[in-house]
Each structure stands twice: as C-alpha cells, then as structure tokens.
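For reference, the chains in residue letters:
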Amino acid sequence: MTQLKGKVFDIQRFSTHDGPGIRTIVFLKGCLLRCPWCSNPESQSTEIDILFSADKCIGCKKCEEVCPSHIVAGMQGIDERCILCGACAKGCPAKALEIKGKKMAVAQIMEEVDRDASFYRHSGGGVTISGGEPLMQPDFAVALAEAVKNRGYHLAIETTGYATWENVKKVFDKVDLILYDVKVMDDKTHVDYTGVSNELILDNLYKAAQHGYNITVRVPVIEGVNASEENFRKLAKFMNRANIRNIDLLPYHTFGESKYKQLRTEYSFGGTKPPKEKIDILKKILEEHYLNVTVGG
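Residues numbered from 1 in each chain as written. Predicted model: local features only at pLDDT ≥ 70, side-chain atom pairs only at ≥ 80, totals over all residues. Heavy atoms only, no water.

1. As for the environment of Ala 236
- Residue position: Ala 236 is located in helix H9 (residues 229-242).
- Here Ala 236 falls in the buried class, since its relative accessible area comes to 0%.
- The spatial distance from the C-alpha of Ala 236 to the C-alpha of Ile 285 is 7.8 Å, given a sequence separation of 49 residues.
- Not counting the four nearest positions on each side in its chain, Ala 236 is found in contact with Leu 286, His 289 and Leu 291. (Helix = DSSP H or I, 4+ residues; strand = E, 2+ residues; numbered from the N terminus. Buried < 20%, exposed > 50% of the residue type's maximum accessible area, 1.4 Å probe, protein only. Contact = heavy atoms within 4.5 Å.)

2. Let's talk about the side chain of Asn 226
- Here Asn 226 shows up in the loop between strand S9 (215-221) and H9.
- A distance of 2.7 Å separates a polar side-chain atom of Asn 226 from the backbone oxygen of Lys 183.
- Not counting residues within four places of it along the chain, the set of residues in contact with Asn 226 comprises Lys 183, Val 184, Val 219, Pro 220, Val 221, Asn 231 and Phe 232. (Polar contact = N/O pair within 3.5 Å; in protein donor to acceptor, adjacent residues only side chain to side chain.)

3. Thoughts on the pairing of strand S2 (residues 23-28)
- Counting buried positions over the six residues of S2 gives six, a clear majority of the element.
- In terms of strand pairing, strand S1 (residues 5-15) meets S2 through five bridges, oriented antiparallel. Considered in S2, the bridge of Ser 15 is made with Arg 23.
- Strand direction decides the pairing type here: S2 and strand S6 (residues 126-130), joined by five bridges, are parallel. By the bridge assignment for S6, Ile 25 is matched with Thr 128. (Pairing = 2+ DSSP bridges.)

4. Notes on H9
- The end-to-end C-alpha distance of H9 is 20 Å, a good match for the 20 Å that 14 residues give at a rise of 1.5 Å each.
- What H9 keeps buried is the set Asn 231, Phe 232, Leu 235, Ala 236, Phe 238, Met 239 and Ala 242. Take H9 and look down its axis: the buried residues cluster within an arc of 165°, on one side only. Every exposed residue of H9 that faces more than 90 degrees away from the buried side is listed here: Glu 230 and Arg 241.
- In this fold, the buried residues of H9 make contact with helix H8 (199-210), S9, strand S10 (246-251) and helix H11 (276-288).
- Immediately beyond the C-terminal end of H9, within one or two residues, lies Asn 243, with a positive phi of roughly 65°. (Expected span 1.5 Å × (residues − 1). Arc of directions from axis to C-beta.)

5. Details of the side chain of Glu 42
- Structurally, Glu 42 can be placed in the loop between S2 and strand S3 (49-52).
- When neighbours within four sequence positions are excluded, Glu 42 is seen to be in contact with Phe 9, Lys 29, Asp 49, Leu 51, Lys 100, Lys 259 and Leu 263.

6. Brief notes about the packing of helix H3 (residues 106-114) against helix H5 (residues 138-150)
- Viewed as axis vectors pointing N to C, H3 and H5 meet at an angle of 40°, and their least axial separation amounts to 10 Å. What the angle tells us is that H3 and H5 run oblique. Between H3 and H5 lies a crossing of right-handed hand. Facing Val 106, Ile 109 and Met 110 of H3, the residues of H5 in contact are Phe 140, Ala 143, Leu 144, Ala 147 and Val 148.
- Split into classes, the residues belonging to the contact of H3 with H5 amount to eight nonpolar, no polar and no charged. (Axes fitted to C-alpha atoms, helices over the stretch in contact; angles between N-to-C directions. Parallel < 35°, antiparallel > 145°, perpendicular 65-115°, else oblique. Left-handed = near helix turned anticlockwise from the far one by under 90°. Nonpolar A, V, L, I, M, F, W, Y, C, P; charged D, E, K, R; others polar.)

7. As for the nonpolar core
- Of all hydrophobic cores here, the largest spans 72 residues; its most connected members are Ile 109, Leu 144, Ile 215, Val 217 and Ile 247.
- It is H5 that provides the largest number of residues to this core, a total of seven residues.
- Excluding its chain neighbours within four sequence positions, the residues that come into contact with Ile 215 are Ile 178, Tyr 180, Leu 205, Ala 208, Ala 209, Ile 244 and Asn 246.
- If you look at the next biggest cluster of nonpolar residues, it comprises nine residues, including Ile 50, Phe 52, Ala 89 and Ala 96. (Core = buried A, V, L, I, M, F, W, Y, C linked by side-chain atoms within 4.5 Å.)

Encoded structure:
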C-alpha cells in the first residue's frame, strides 16, 4: 500500500506562537487565497518554489552547470524553461538557492515532531498544522493529526476555513485548538484583497462554533483594509451570534517581505500597522461585546 504523502514547505521547531507552549509548526503547501500581505508567499503554490538569495550567491555558476536547461542564477522558477527539478539548489555550494516544497510521509514528519516531545510535556506545547491552507490537503491533514494525537501531543491547526464543510469537519474533529483566520467582514473588500468571497469562510466558522470546537479567531489588523471600528463591530456581533469568545489581534508586519525578493516578485502591498491607540480602541470594542482579546506582537 502506498503511504500517503503531503506537500510540505517547512517544519519549524521551538515556536512559541500558533498555540500554547513550545510547538513544532508543520507548514503545508497550497492556498487559494492571495492576500497581498502574506508573510509566506512560498506557501501559495502547490508546486515547489525555488528561493534565490542574491546576497549569498558567489557567482560560481554551479547552478547553471547542473541545470538541464543551463538557467543562470536567480532565474530559477521564473525562466519558462525551468522544470522545478531542484538540481540547482542541491548543487549550490553557497546555499543561495533553496527548495521550498517537498512530498513527505507522515512518518517522516513525526520523526521531526518526536524530537521535541519533552519540550511539549514541560511547556504544555505540541504541534500546529499550518500553511498555506492545510485544508487543501484534508486527507493528509487527517492522517498527520491522527499520528500526532496517537502520541498524546496537543494539536492545533491554523486555517482560513476556505474549504468544503465535509473537509473542514473531518479535520477539525481531530484537533484540540482551531486558530481561525478572519481577514475582513465586508465581502467585497475580502474579494478585492484575497481574490475569494468570505461567505464560505464565515459559514464554516459559524458551523464549527455550533459543533463546539475550541476556536480562537485571529485577525491581521491592517490600516486601510480592516482596521475600522465598523468592521470590528460587525466581527464582534458575528462572534456573539456564533458563541465564540476568544480573539487574537495580529497587527500588520512586513516580516515576510524579503521572501518576495527571493521569489523574484515585487512586494507591492503598501499596508500600514495601526498605531497602538487604534489597536486599543478596536480591542475595547471587542471587549464591550464580552470577548476575550489578546494582541500579538
């Protein structure tokens, strides 16, 4: 029987975000949303990406030598002749080229996860399945979740909820904590910024809450996109209707901007981090609706 494999672009150990305690984050590849502020642009495609760090390149041309098409350094992944075989990255002595995305079996991932079992026990941590959008690989997410839970580890998932309810439910049934991303309540604004409607996202969030799952809503707070009092009042009312109590505000940052350059694309989003005074106002609005609010760094 062929062992089920998933497309993974990173495994991050010793994380103190995306769930309680010390965690291992497993990032699955592929996302249907195209948020212009995305801090993991290499997560969006389901195919592999090849990142190029010009500052590491020593000009040895080893990448050209091993490439079937003899593509020059920095053009991998964007030259139409590139077949994304990854030979260039494997042959680069300076590590200026990096492959993002590979197929992994659950057992391979668990070998990484198990290395930090003692940290999970002592910190109340565990594993978080993230992305991309892990619900794009529902069967693999379920298989990985079952392996994690069989070890007795705490399991969280970070998701936009943009999937069929059938796939949402079968994954959510396996996890201890759902970190559910909500970008903006207005549907037209959501489409303008992400390329998709938020109707399915909000519908699945409401259904998930009615099933009694442990949910924390997470909102990237961006001036000019969603950092309005009107948006947060709508969000608060929705959460009250759904009986969701926990929300985490994540002020806008540009930590992933360098990755766009490595992918040879432009980071064109001109977002702005709201001032602390604005965050305090939005936090107060949520608290007035009896929500438990935390603010990320």
